[in-house]
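Analysis of the macromolecular model
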Amino acid sequence: MNFNKVLDGIKTYEAGKPIELVMREYGIKAQDVVKLASNENPYGVSPLVMASIVGIAEKMYMYPDDSMHVLKEGLAEKFDVNTDEIIIGAGSDQVIEFAVHAKLNSKAKVLMNSVTFAMYEIYAKHVGAEIIRTSSREHDLEEFYTLYKEHKPEMIFICTPNNPTGDALDTEKLKEFLAKIDDDTLVVVDGAYMEYAAFKDKNKAVSAKELINEFPNVLYLGTFSKAYGLGGMRTGYGIASKEIISAFYKLRPPFNITTLSLEAASVALKDEDFVQDSIKKNFVQMIRYESFAEEEGLEIIPSYTNFVTLCLNEGQNSSEISLSLLKKGMIVRDLKAYSLNAIRVTVGTERENSRFFELFIEATNK
Ligand SMILES: *Cc1c(COP(=O)(O)O)cnc(C)c1O
């Protein structure tokens, strides 16, 4: 069968390998599999959220509340914005899709970092847009601006902190950059890990309210999948001017997130202690990775997230090392596909991290 030609240029997105698959392929028991590949919150789910889900289960025969009123109110309060400046997606992934489809077509250009979240490219390819990339591994706003002037893209993706490198931009520098961009260029600021960055360094904290009030062409993205511990609930959001959000609404399928997701996310917003406690533990554990990298003589990119990127040395191959870790039940992310000889490791619990250190040494001292 012939398909839309744009599919020829798209590689299927490889999500972090699921635990079940590793168990089946390598015959490893569930309790021996450690997944440090998708940047989930290793401390699980807030007990408040779990309790609320049980209560809502009897409602699942009905379609969800498509106004998403309770969740939007919760987000409006958290970010101090209006509910008509918010759109909820099945993960912030879906909001990226809305943004791309709202703004780009096969004659349009989109600018993004050389190494960044893979879904930007995939959605841009859906519509046949031309992708312009920087050359530097971490975001370099001067290079972004040079390319912006040269290509005049309709859309720009800024991921801060960036996945899969973990680096974050200074808010003031970001704002200086945004001030130079034309109002008709949609700039997406993806803050999937913003809670971590804001905790580690106030200079990296981006306020969605300030951004959208100062820059009517900016879309801020957030998610419940990372610090909020709800990766399985597929809930994210976009915050932007009413004009942008109204355009996205034309693309949104009805009932795009479930009753359980709405409930879980709304309640998660009320348990900020759980989130902050998880973030604190994350950075305590991250120090262990920094020491480990030093001991092993590896470059570690300073990270403002819940993952670290370990750049391997010559003679070490990220694909081989990832595979030998996988065979022992340790799932990490090989960054070969991003042209980096590096692995990305989610900072797990104390026990999970100790296991990683042990298995990494085994995998490299052959
Ligand atoms: C995880 C992630 C997202 C989206 O996650 P969802 O689960 O779809 O909300 C978006 N951007 C980046 C950079 C991410 O790492």
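This one's a predicted model, so the numbers in the text were calculated from it and none came from an experiment. (Residues numbered from 1 in each chain as written. Predicted model: local features only at pLDDT ≥ 70, side-chain atom pairs only at ≥ 80, totals over all residues. Heavy atoms only, no water.)

Structural notes on the overall build of the chain
The condition that has to hold: To qualify as a helix, a DSSP run of H or I must reach at least 4 residues; to qualify as a strand, a run of E must reach at least 2; elements of each kind are numbered from the N terminus. With C-alpha atoms as the basis for the radius of gyration, the globule rule is written as 2.2 Å multiplied by the number of residues raised to the power 0.38. In this scheme, a residue with accessible area under 20% of its type's maximum is buried, one over 50% is exposed, and one in between is partly exposed, where area comes from a 1.4 Å probe on protein chains only.
A count of helices and strands for the chain gives 14 helices and 13 strands. For 366 residues, the compact-globule formula gives about 21 Å, and the C-alpha radius of gyration of the chain, at 20 Å, lands near that figure. Expressed along its principal axes, the backbone C-alpha trace of the chain runs to roughly 55 × 55 × 55 Å. Per-residue burial over the chain gives 53% buried out of 366 residues.

Considering the site of the ligand
Note the threshold: Only heavy atoms are used to decide nearness, and a residue is near a molecule or strand if one of them lies within 4 Å of it. Pairs of N or O atoms are called polar contacts if they sit within 3.5 Å, as long as, within protein, a hydrogen donor faces a hydrogen acceptor (for residues adjacent in sequence, only side-chain-to-side-chain pairs). Ten residues, namely Ala, Val, Leu, Ile, Met, Phe, Trp, Tyr, Cys and Pro, are considered nonpolar, four, namely Asp, Glu, Lys and Arg, are considered charged, and the remaining ones, Gly among them, are considered polar.
Lining the immediate environment of the ligand, one finds 13 residues, of which Asp190, Thr223, Ser225, Lys226 and Arg234 sit closest. Between an oxygen atom of the ligand and a side-chain N or O atom of Tyr193, the distance comes to 2.7 Å. Contacts to the ligand include Ser225, whose side-chain N or O atom sits 2.5 Å from an oxygen atom. Class assignment for the residues of the shell around the ligand results in four nonpolar, five polar and four charged.

Considering the domain arrangement of the chain
What counts here: What marks off one domain from the next here is an automatic or database domain assignment. The criterion used for residue contact is that any of the two residues' heavy atoms lie within 4.5 Å. The term buried area refers to how much accessible surface (probe radius 1.4 Å) is lost by two components on association, counted for both of them together. Basic side-chain nitrogens of Lys or Arg form a salt bridge, by our definition, when they fall within 4 Å of a carboxyl oxygen of Asp or Glu.
Domain parsing of the chain yields domain 1 (5-45 + 273-364) and domain 2 (47-271). With 34 residues of domain 1 at the contact, the number on the domain 2 side is 37 residues. Of the roughly 3,000 Å² buried between domain 1 and domain 2, counting both surfaces, carbon and sulfur atoms make up 67%. Residue Glu299 is joined to Arg137 by a salt bridge in which the shortest nitrogen-to-oxygen separation is 2.9 Å. In this structure, the connection of domain 1 to domain 2 is made through twelve residue pairs in polar contact (both at pLDDT 80 or more). Here the side of domain 1 that touches domain 2 gets nine residues from one element, more than from any other, and that element is helix H12 (residues 272-296). A breakdown of the residues in the side of domain 1 that touches domain 2 according to their chemical character gives 17 nonpolar, eleven polar and six charged.

As for the packing of helix H2 (residues 47-56) against helix H11 (residues 259-268)
Quick reminder of the rule: To get an axis, fit a line to the C-alpha atoms, keeping to the stretch in contact for a helix; angles then go from 0 to 180 degrees between the N-to-C directions. By definition, turning the near helix anticlockwise from the far helix through less than a right angle yields a left-handed crossing, and turning it clockwise yields a right-handed one.
The geometry of H2 relative to H11 is characterised by a closest axis approach of 9 Å and an angle of 145° between their N-to-C directions. For the pair H2 and H11, the sense of crossing is right-handed. Taken together, the residues of H11 that come into contact with H2 (itself represented by Leu48, Val49, Ser52, Ile53 and Ile56) are Thr259, Leu260, Glu263, Ala264, Val267 and Ala268. By residue class, the composition of the contact of H2 with H11 is eight nonpolar, two polar and one charged.

Comments concerning the nonpolar core
To be explicit about the condition: Residues enter a nonpolar core if they are buried and are Ala, Val, Leu, Ile, Met, Phe, Trp, Tyr or Cys, with the set joined through side-chain atoms within 4.5 Å.
Core analysis: the largest hydrophobic core is formed by 80 residues, its most contacted members being Phe224 and Phe356. For this core, the element with the most residues is H12, which contributes eight residues. Leaving out residues up to four positions away in the same chain, Phe224 has contacts with Leu71, Leu75, Gly229, Leu230, Gly231, Thr235, Gly236, Tyr237, Ala265, Ala268 and Leu269. Formed by 29 residues, the second largest nonpolar core is a distinct cluster that contains Ile87, Val95, Met119 and Leu219.

Looking at the sheet that holds strand E4 (residues 130-133)
Defined as follows: Following DSSP output, two strands are said to pair if at least two bridges run between them.
Pairing is mixed across the open sheet formed by seven strands, whose spatial order is E2-E8-E7-E6-E5-E3-E4. Of all the strands in the sheet, just strand E2 (86-90) and E4 have a single pairing partner and so form its edges. Across the sheet, the mean angle from the axis of one strand to that of its neighbour is 20°, orientation sign disregarded. Sheet analysis places strand E7 (residues 218-223) next to strand E8 (residues 235-239), joined by four bridges and oriented antiparallel. Note that in E8 the partner of Tyr220 across the bridge is Ile239. Contacting E2, strand E6 (186-190), E7 and E8, helix H10 (residues 242-249) crosses the sheet at an angle of about 35° to E2.

Looking at a nonpolar patch on the surface
Quick note on the threshold: Within this analysis, patches are made of residues with over 30% relative accessible area and no salt bridge. Like charges are joined at 9 Å or less; nonpolar side chains (Val, Leu, Ile, Met, Phe, Trp, Tyr) at 5 Å or less. Methods summary: accessible areas were calculated by the Shrake-Rupley approach with a probe of 1.4 Å, and residue burial reflects only the protein chains presented.
A contiguous nonpolar patch, built from Met1, Phe3 and Leu7 and spanning about 410 Å² of accessible area, is present on the exposed surface. Turning to its location among the elements, Met1 is positioned in the segment before helix H1 (19-26).

A few points about helix H7 (residues 171-179)
At 3.6 residues per turn, the α-helix brings residues three or four places apart onto the same side. Stated precisely, the cut-off is as follows: It is the directions from the helix axis to the C-beta atoms that the arc portrays.
Three or more residues of H7 are buried, namely Thr171, Leu174, Lys175, Phe177 and Leu178. Taken down its axis, H7 places every buried residue within 160° of arc, on the same side. Facing away from the buried side of H7 by more than 90 degrees, the exposed set consists of Glu172, Lys173, Glu176 and Ala179. In this structure, the buried residues of H7 make contact with helix H6 (141-151), strand E5 (155-159), E6, helix H9 (208-214) and E7.

Things to note about the packing of aromatic side chains
Defined as follows: Note on aromatic contacts: the rings of Phe and Tyr and the six-membered ring of Trp form a pair at centre separations within 6.5 Å, being stacked when their planes are under 30 degrees apart, edge-to-face when over 60 apart, and tilted otherwise.
Tallied over the entire structure, the rule returns 19 aromatic pairs. Consider the rings of Phe199 and Phe283, whose centres lie 5.8 Å apart with planes at 0°: the pair is stacked. On the criterion of sequence distance, the pair formed by Phe199 in helix H8 (residues 194-200) and Phe283 in helix H12 is long-range, its members being 84 residues apart. Taken together, a centroid distance of 4.5 Å and an interplanar angle of 25° make the contact between Phe292 and Phe357 stacked. With Phe292 in helix H12 and Phe357 in helix H14 (residues 350-364), this pair connects stretches of sequence that are 65 residues apart. There is no split in this pair, since Phe292 and Phe357 are both buried. Taken together, the aromatic side chains of Phe79, Tyr220, Phe224, Tyr228 and Tyr237 make up a single cluster linked through ring pairs.

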